[in-house]
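Remarks on the overall topology
Now for the letters of each chain:
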Amino acid sequence: MINVGLYYRVKEGHEKEFEETFSKVVSILKNSDIGFIDAKLYKRVDDPREYLIYSEWKDLESFKKFILSKDYKETTTYGKTILEGRPYHKIYIEFNENK
């Protein structure tokens, strides 16, 4: 399993729209068979226009296939209308010294 942190800055006045869109996209991904497990949305405490989506994926290949998909491209095209700057992501794998 891998985790992906997706970082976004939303244009002023579009916070609720971003949050609602997140919920819809997660629902769609949970009902698909692409290797998506779950995601949580976090809002930055000192700047409520900055968000982190922390997602779980079956493996790196599943995430890579998703970001190359038509659905992802449509979502990012829409995102350009409500986001400031370019979003970015970081990929993490669990590190546990006890293993």
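Residues numbered from 1 in each chain as written. Predicted model: local features only at pLDDT ≥ 70, side-chain atom pairs only at ≥ 80, totals over all residues. Heavy atoms only, no water.

**Remarks on the overall build of the protein chain**
Secondary structure summary: the protein chain contains 3 helices and 4 strands in total. When the elements of the protein chain are put in sequence order from the N terminus, they spell out β-α-β-β-α-α-β. In terms of overall dimensions, the protein chain is globule-like: its C-alpha atoms have a radius of gyration of 14 Å, near the 13 Å expected for 99 residues. With the C-alpha coordinates aligned to their principal axes, the bounding extent of the protein chain is approximately 45 × 30 × 20 Å. Within the protein chain, buried positions represent 30% of all 99 residues. Element-wise, carbon and sulfur atoms account for 54% of the exposed surface of the protein chain, whose accessible area totals about 7,100 Å². On the protein chain, the mean spot of the 18 positive side-chain charges and the mean spot of the 18 negative ones are 4 Å from each other. (Helix = DSSP H or I, 4+ residues; strand = E, 2+ residues; numbered from the N terminus. Rg over C-alpha atoms; globule rule 2.2 N^0.38 Å. Buried < 20%, exposed > 50% of the residue type's maximum accessible area, 1.4 Å probe, protein only. Areas by Shrake-Rupley, 256 points an atom, 1.4 Å probe, with all protein chains shown as cover. Lys, Arg positive; Asp, Glu negative; His and termini not counted. Charge placed at Lys NZ, Arg CZ, Asp CG, Glu CD.)

**Some remarks on the UniProt feature "domain: ABM" (unreviewed entry) in the protein chain**
In the numbering used here, UniProt assigns the "domain: ABM" (unreviewed entry) feature to residues 2–91. For residues 2–91, the helix share is 38%, the strand share is 31%, and the end-to-end C-alpha distance is 7 Å. (UniProt positions renumbered as here; feature names shortened; annotations may be inferred.)

**Let's talk about the pairing of strand β1 (residues 2–9)**
Most of β1 is tucked away, with 6 of its 8 residues classed as buried. Two elements, β1 and strand β3 (residues 50–57), share 8 bridges in a ladder whose sense is antiparallel. Bridge assignment links Arg9 to a residue of β3, and that residue is Glu50. (Pairing = 2+ DSSP bridges.)

**What about the packing of aromatic side chains?**
Under the criterion given, the structure shown has 7 aromatic pairs. Their ring planes at 40 degrees and their centres at 4.7 Å tell us that Phe18 and Tyr51 sit as a pair that is tilted. Taken together, the positions of Phe18 in helix α1 (residues 15–30) and Tyr51 in strand β3 put the pair 33 residues apart, joining distant regions of the chain. With centroids separated by 5.1 Å and ring planes inclined at 70 degrees, the aromatic side chains of Phe66 and Tyr72 adopt a geometry described as edge-to-face. You can call Phe66 buried: its relative accessible area is 15%. With a relative accessible area of 19%, Tyr72 lands in the buried category. (Phe/Tyr/Trp six-rings, centres within 6.5 Å; stacked < 30°, edge-to-face > 60°.)

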